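So the chains spell out like this:
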Amino acid sequence: MRAVKSTGNRTTELALRMALVRASLVGWRVRPSELPGHPDFTFVRDKLAVSVDGCFWHGCRMCHARPVRSNAHYWRTKLGLNQGRDRLVSARLRRMGWRVVRIWEHSLKCSAAAVVSRIERALNRAKRSPGRKLC
Ligand SMILES: [Zn+2]
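This is a predicted model, so every value here is computed, not measured. (Residues numbered from 1 in each chain as written. Predicted model: local features only at pLDDT ≥ 70, side-chain atom pairs only at ≥ 80, totals over all residues. Heavy atoms only, no water.)

## Section: the packing of helix α1 (residues 11-22) against helix α4 (residues 112-122)
What describes two packed helices is the angle between their axes and the distance between those same axes.
Stage number 1. The contact between α1 and α4 brings their axes to 10 Å, and the two run at 70°. One finds that α1 runs roughly perpendicular with respect to α4. Between α1 and α4 the crossing geometry is right-handed. On α4, the residues that touch L16, A19 and L20 of α1 are A112, V115, V116 and I119. (Axes fitted to C-alpha atoms, helices over the stretch in contact; angles between N-to-C directions. Helix = DSSP H or I, 4+ residues; strand = E, 2+ residues; numbered from the N terminus. Parallel < 35°, antiparallel > 145°, perpendicular 65-115°, else oblique. Left-handed = near helix turned anticlockwise from the far one by under 90°. Contact = heavy atoms within 4.5 Å.)

Written as structure tokens, this is what we have:
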């Protein structure tokens, strides 16, 4: 599992960053250290926190997070703790008045435009076009 990095694996974050730039969506910051869980992106003015959750590390229930065969107990426990931490961090942010959008890695790979639409809707900046469907 050394190929799957828990930190420094910024491919999905970079993909979302590029999608935000292409959509000319402004006002976001990357990984603010002062917020719980260090969300991947924040829109400070709108108090919106956006996290991109890797399918493996955050336990995607679709086929993307296949169970690991070796050391299975360790990995089940580890991924369960990650999911619990995700819930706690989201709850803490909400108690602080932030809205939280969690995006799955697979959604971003499927349609970055749909992910951007979701963020625009959360920001109430959606253009008058029908939202694109997330996968
Ligand atoms: Zn997934």
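## Digging into the nonpolar core
Stage number 1. Ranked by size, the top nonpolar core spans 17 residues in total, and within it L16, L20, F43, L48, V50 and I119 carry the most contacts.
Stage number 2. If you list the elements that add at least two residues to this core, you get α1, β2 (41-43), β3 (48-53), β4 (99-104) and α4.
Stage number 3. Looking at this core element by element, the count peaks at four residues for α4.
Stage number 4. Counting six residues, the second largest nonpolar core, distinct from the first, contains L35, A49, L93 and V100. (Core = buried A, V, L, I, M, F, W, Y, C linked by side-chain atoms within 4.5 Å. Buried < 20%, exposed > 50% of the residue type's maximum accessible area, 1.4 Å probe, protein only.)

## Points about the sheet that holds β3
Stage number 1. The sheet built from four strands is open, its strands ordered β1-β2-β3-β4 with mixed pairing. Since the sheet does not close on itself, it has two edges, and those belong to β1 (28-30) and β4, each with one partner. Going from strand to strand, the sheet's axes swing by 20° on average, the running direction of each strand aside.
Stage number 2. Sheet topology places β1 next to β2; three bridges connect them, and they run antiparallel. Paired with W28 across the bridge in β2 is F43.
Stage number 3. Helix-sheet contacts for α4 involve β2, β3 and β4, and the interaxial angle to β4 is about 175°. (Pairing = 2+ DSSP bridges.)

## Quick notes on α4
Stage number 1. Of the residues making up α4, those classed as buried are A114, V115, V116, S117, I119, E120 and A122.
Stage number 2. Elements in contact with the buried residues of α4: α1, β2, β3, β4 and α3 (105-110).
Stage number 3. The first or second residue beyond α4 is N124, which carries a positive phi of 60°.

## Digging into the pattern of salt bridges
Stage number 1. Under the defined criterion, the tally for this structure stands at six salt bridges.
Stage number 2. The shortest N-O distance in the salt bridge between D53 and R102 comes to 2.8 Å. With D53 in strand β3 and R102 in strand β4, this residue pair connects regions lying 49 residues apart in the sequence.
Stage number 3. Under the relative-accessibility criterion, D53 is labelled buried at 4%.
Stage number 4. We note a salt bridge from E105 to K109, for which the minimum N-O separation is 3.1 Å. Separated by four residues within a single helix, E105 and K109 lie in helix α3, roughly one turn from each other.
Stage number 5. Judged by its relative accessible area of 18%, E105 falls in the buried class.
Stage number 6. Taken together, the shared-partner salt bridges connect E13, R31 and D40 into one network. (Salt bridge = Lys/Arg side-chain N within 4 Å of Asp/Glu carboxyl O.)

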